[in-house]
Amino acid sequence: MPPRIAWQDIQENTFTRWTNDELKLRGLHINSLKDDLKDGLMLINLMEIISGKSLGKYNKHPIIIQQKLENLTIALKFIQSEGLKLVNIGPEDIVQGNMRCILGLIWTIILRYEINRNGGGEDLLKWIQSKIPEYGIKNFTKDWNDGRALNALINALRPDLCKDHMDLDKKKKLANARRGIETADKEMGVDKLVLPEEMIHKRVDKQAMMTYLAQFRNLKDTNAAYRVRAFGEGLHKGIKETKAPFFVERPTDAKGEIKIKVLNEDGKEVSCDITKAESPAGYEKLAVSYVPQKAGVYKVHVTLDDKHVPGSVFTVVVEEDLSIGGEGKVFCFFSTTSGNLKQRSDINNTKTLLTSKNIHLRKDFVPWIPVDIMDRKDREAVFAKAGTRKLPIVIIDDEYLGDYDKLLKVLLLIVCLSTASLHGDEMLSSSNTVLSST
């Protein structure tokens, strides 16, 4: 008995897998369309990969809502510039995790860049009908439930595979679907965007099946290395003297020797720590990490039998310090629920002081940011940047200012500079000079 699953889950699962199938070319991965598109980074990278175009400048370290909305606005405007019609979706919908809007957006993208690549949905159906006319395929749903049509399509494209498709027992739906999906993945490079238990579901999602079947018309590389996936932060960003982790995952039947090599900016090899990690059934997974000793551009090579996996060679930008995307900005983080009397006093005094000096009116001042409503990951990044959990936290030009007493010193200098009519960038630069000298 197959597990119970709703058609909405099938669609979400397929769209997530399709997104990851594209993102792997940059060593990126999402676990959830609802949560992992919120900062705009994955959507920007997805559009750059599938369009082959650059989206220009955006915030690579977004942690506050304003930065995320700006990134999402950049992505959505680009999508519209590509001629895709977006209906009733804005950056706020993605930040809020509106799944109806998010799934509609991803489907619009899939339709343009996957299904319409060689014609539209009707053309895809006609193409399938021309390949397996004996099955009388009329739709993308129930006609695929017993798994036989899938095996027939494989045989039509690769006559050496699934020759017995007509003899398969219609009652053995799950076995038929599993055989076809596994064969297509291993022998033809067709990714498992739909799982066997999803294909045989009586309400299998039409859009999910179209996304999966379109791959047969747009066949990719079939070498074993293509089936290996490398993903994780250590493949695209890092911080000096901080562990940079990533994973390498392959199907158990993708045999061969996996080699991993990390080179620093000087071309010297960096040692890696490699261990086996927990993996889903049918896969083997390696947990890899390295520690870059200096900032710069690193290169990560991941190969199977000397053939590069998708995305390799990966380019990794290693920075001197953790960034929270605050370049050219004044951030003031506080808590609305602090029970510490001293902390509440410091927060109130900071607000009063900044307001009295009209700092809150500056164009580079970002409105008061309550850490209480931030995502945990973003909140922890703020604390890590400051090196303390003590609030308020004031950050100028992506540098932690210090405690309340130090804020007073810097503000005195900023006010003096304002009197001298210096521009904001100069003021920020000068305030950083104070940071390094006090």
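Residues numbered from 1 in each chain as written. Predicted model: local features only at pLDDT ≥ 70, side-chain atom pairs only at ≥ 80, totals over all residues. Heavy atoms only, no water.

1. Examining the layout of surface pockets
Definition in use: Computed over the protein atoms alone on a 1 Å grid, cavities are sets of points where a 1.4 Å probe fits but cannot get out and pockets are open sets with protein on both sides within 12 Å along at least five of seven lines; a residue lines them when it has an atom within 4 Å of a point. Grid points are joined across faces, edges and corners, and a volume is the space filled by probe spheres set on the points. Secondary structure counts use DSSP, requiring at least four H or I residues in a row for a helix and at least two E residues in a row for a strand, with both numbered from the N terminus. Charged residues are taken to be Asp, Glu, Lys and Arg, nonpolar residues to be Ala, Val, Leu, Ile, Met, Phe, Trp, Tyr, Cys and Pro, and polar residues to be all remaining types, Gly included.
There is about 1,700 Å³ of room inside the largest pocket. Looking at the largest pocket, it is lined by 50 residues, and the ones nearest its centre are Leu41, Lys60, Glu233, His236 and Lys237. Of all the secondary structure elements, the ones that give two or more residues to the lining of the largest pocket are α2 (33–36), α3 (41–51), β2 (237–239), β3 (244–251), β10 (314–319) and α13 (376–386). When residues of the lining of the largest pocket are assigned to their parent elements, the largest contribution, 5 residues, is made by α13. When the residues that make up the lining of the largest pocket are grouped by side-chain class, the tally is 22 nonpolar, 12 polar and 16 charged. Of the volumes computed, that of the second largest pocket is approximately 830 Å³. Lining the second largest pocket are 29 residues, with Arg17, Lys192, Arg229, Glu249 and Tyr283 sitting closest to its centre. When its residues are assigned to classes, the lining of the second largest pocket shows 11 nonpolar, 5 polar and 13 charged.

2. Points about the confidence of the model for the chain
We apply this condition: By definition, pLDDT measures how confident the predictor is in each residue, and it falls between 0 and 100. Only heavy atoms enter the contact rule, under which two residues are in contact if any of them lie within 4.5 Å.
Residues with a pLDDT of 70 or more make up 93% of the chain, whose mean pLDDT is 91. pLDDT under 50 marks residues 432–438. Its contacts with residues more than four places away, or in other chains, come to 11 contacts.

3. Examining the pattern of salt bridges
Test applied: We define a salt bridge as a contact between a side-chain nitrogen of Lys or Arg and a carboxyl oxygen of Asp or Glu at a distance within 4 Å. Burial classification: accessible surface area is computed with a 1.4 Å probe over protein chains only, and a residue below 20% of its type maximum counts as buried, one above 50% as exposed, and the rest as partly exposed.
Tallied over the entire structure, the rule returns 25 salt bridges. The residue Lys24 makes a salt bridge to Asp21 at a minimum N-O spacing of 3.0 Å. On the basis of relative accessibility, which here comes to 5%, the residue Lys24 falls in the buried class. With a shortest N-O distance of 3.0 Å, Glu182 and Lys192 are connected by a salt bridge. Of this pair, Glu182 sits in helix α9 (residues 173–188) while Lys192 sits in the loop between α9 and α10 (196–199); the two residues are 10 residues apart in sequence, bridging distant segments of the chain. Exposure remark for Glu182: the relative accessible area of 34% places this residue in the partly exposed category. Counted as one network, the salt bridges with shared partners bring together Lys68, Asp375, Lys377 and Asp378.

4. Observations concerning the side chain of Glu114
You can see Glu114 is positioned in helix α6 (residues 99–115). What makes Glu114 buried here is its relative accessible area of 1%. The contact partners of Glu114, leaving out residues within four places of it in the chain, are Trp18, Glu22, Ile109, Thr211, Ala214, Gln215 and Asn218.

5. Let's talk about helix α4 (residues 65–81)
For the α-helix, the turn length of 3.6 residues means that residues three or four positions removed from each other point alike. We count it as follows: Helix span, as expected, comes to 1.5 Å for every residue beyond the first. Arc, as used here, means the arc of the directions from the helix axis to the C-beta atoms.
Over its 17 residues, α4 extends 24 Å from the first C-alpha to the last, a length consistent with the 24 Å expected when each residue adds 1.5 Å. Three or more residues of α4 are buried, namely Gln67, Lys68, Asn71, Leu72, Ala75, Leu76, Phe78 and Ile79. End-on view of α4: buried residues confined to an arc of 165 degrees, all on one side of the axis. Turned more than 90 degrees away from the buried face of α4, the exposed residues are Lys77 and Ser81. If you follow the buried residues of α4, they end up packed against α3, α5 (91–95), α6, β11 (330–334) and α13. Positioned one or two residues after α4, Gly83 has a phi angle of 90 degrees, which is positive.

6. Remarks on the nonpolar core
Formally: Take the buried Ala, Val, Leu, Ile, Met, Phe, Trp, Tyr and Cys residues and link them wherever side-chain atoms come within 4.5 Å; each set so joined is a nonpolar core.
If you look at the biggest cluster of nonpolar residues, it comprises 72 residues, and the most contacted ones within it are Ile109, Trp144, Tyr212 and Phe216. When near neighbours in sequence (up to four residues on either side) are disregarded, Tyr212 contacts Leu150, Ile181, Ala184, Val190, Asp191, Leu193, Val194 and Met199. Val228, Phe246, Val248 and Tyr298 belong to the second largest nonpolar core, which has 20 residues in total.

7. Things to note about unusual backbone geometry
A cis amide bond, omega 15 degrees, links Ser312 with the succeeding residue Val313. Relative to the assigned elements, Val313 resides in the loop between β9 (307–308) and β10. Following Leu391, the chain continues to Pro392 via a peptide bond in cis, the omega torsion being 5 degrees. In this fold, Pro392 is placed in the loop between α13 and β13 (393–396). The residue Glu241 is not glycine, and still its phi comes out positive at about 60 degrees. Relative to the assigned elements, Glu241 resides in the loop between β2 and β3. One non-glycine residue, Asn358, lies in positive phi territory at about 60 degrees. Here Asn358 shows up in the loop between α12 (341–356) and β12 (369–370). When its relative accessible area of 41% is taken as the criterion, Asn358 is described as partly exposed.

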